[in-house]
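# Inside the fold
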Amino acid sequence: GENVEQHPSTLSVQEGDSAVIKCTYSDSASNYFPWYKQELGKRPQLIIDIRSNVGEKKDQRIAVTLNKTAKHFSLHITETQPEDSAVYFCAASPTISGGYNKLIFGAGTRLAVHP
Amino acid sequence: EAGVAQSPRYKIIEKRQSVAFWCNPISGHATLYWYQQILGQGPKLLIQFQNNGVVDDSQLPKDRFSAERLKGVDSTLKIQPAKLEDSAVYLCASSLDDRGGGETQYFGPGTRLLVL
């Protein structure tokens, strides 16, 4: 079935360093790849997404890259700040019946940014 | 714009009891999702509605879980009877219309369920 693998499970960086989280997906028909940030006890919130017709997308300190051939995509956070500390989830969107898509989430990466 | 609303926020029950969760999506959102998030894991889709019809329920344990969205707006998710392994956060999300994919899903605050 559909599967999304996410690495690493935990990531610790110093403030100002960059952080990279990588995900691979199994369904080659997936066409949408969002990234969510979840702070402790809070709801997941979308931080950036990318569609399959685009290879890279950037929003200030956050960027996402997609390699459709290899079926993997990555989140890059530059100049990390303590408020970036959270759990980050990647997701892929395989097609289901009726032309709809659903989201399959990775297991998450706990990012800790130390001052 | 009001976000996705869920209630209750917390629930503690004993195993074999029943429980129900309620979700009110963002106004005008046709697609509604229920996810189960076990501690330390990513959200797992239980059921996806398009208006009042079910689009996907392949991961819903149908012997004990049920969900409905009768009027295509708010939705309820029920567990009967509950098991210890049902302890999790139940997240509701909604999007405008997910036909074709790529619609942003907005999550509610979740209901934290503890089964003793």
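Report on the accompanying structure. (Residues numbered from 1 in each chain as written. Chains lettered and ligands numbered in written order. Predicted model: local features only at pLDDT ≥ 70, side-chain atom pairs only at ≥ 80, totals over all residues. Heavy atoms only, no water.)

### What about the sheet that holds strand β6 (residues 56-59) of chain A?
Residue and element names in this part refer to chain A. Across the sheet, 5 strands lie side by side as β1-β3-β8-β7-β6; this open sheet has antiparallel pairing. Looking along the sheet, the strands with just one partner apiece sit at the ends: β1 (4-7) and β6. The sheet shows a mean angle of 15° between the axes of neighbouring strands, taken without regard to direction. Pairing of β6 with strand β7 (residues 62-67) involves 4 bridges; the strand directions are antiparallel. The residue bridging K58 from the neighbouring strand is A63, located in β7. (Pairing = 2+ DSSP bridges. Helix = DSSP H or I, 4+ residues; strand = E, 2+ residues; numbered from the N terminus. Axes fitted to C-alpha atoms, helices over the stretch in contact; angles between N-to-C directions.)

### So, the nonpolar core
Inside soluble globular proteins, nonpolar side chains tend to come together where they are buried. By size, the foremost hydrophobic cluster in this structure holds 24 residues, and its most contacted members are A:W35, A:F73, A:L75 and A:L111. Of all the secondary-structure elements, those providing two or more residues to this core are β2 (10-14), β3 (19-25), β4 (32-38), β5 (45-51), β7, β8 (72-77), β9 (86-92) and β11 (109-114) of chain A. Counting 21 residues, the second-largest nonpolar core is a separate cluster that includes B:I26, B:F65, B:I79 and B:A82. (Core = buried A, V, L, I, M, F, W, Y, C linked by side-chain atoms within 4.5 Å. Buried < 20%, exposed > 50% of the residue type's maximum accessible area, 1.4 Å probe, protein only.)

### Quick notes on the interface of chain B and chain A
The interface is formed by 27 residues belonging to chain B together with 22 residues belonging to chain A. Summed over both partners, the interface of chain B with chain A buries about 1900 Å², with 50% contributed by carbon and sulfur atoms. Sorting the residues of chain B by area buried against chain A places B:V55, B:G102 and B:F107 first, and these three jointly supply 25% of that buried surface. Inspection of the region where chain B meets chain A yields 1 salt bridge. Our count for the chain B to chain A interface comes out at 4 residue pairs in polar contact (both at pLDDT 80 or more). Those elements giving two or more residues to the side of chain B that touches chain A turn out to be β4 (31-37), β5 (44-50) and β6 (53-56) of chain B. At 3 residues, β5(B) tops the list of elements feeding residues into the side of chain B that touches chain A. Of the residues contributing to the side of chain B that touches chain A, the split by class is 8 nonpolar, 13 polar and 6 charged. (Contact = heavy atoms within 4.5 Å. Buried area = accessible area lost by both parts, 1.4 Å probe. Salt bridge = Lys/Arg side-chain N within 4 Å of Asp/Glu carboxyl O. Polar contact = N/O pair within 3.5 Å; in protein donor to acceptor, adjacent residues only side chain to side chain. Nonpolar A, V, L, I, M, F, W, Y, C, P; charged D, E, K, R; others polar.)

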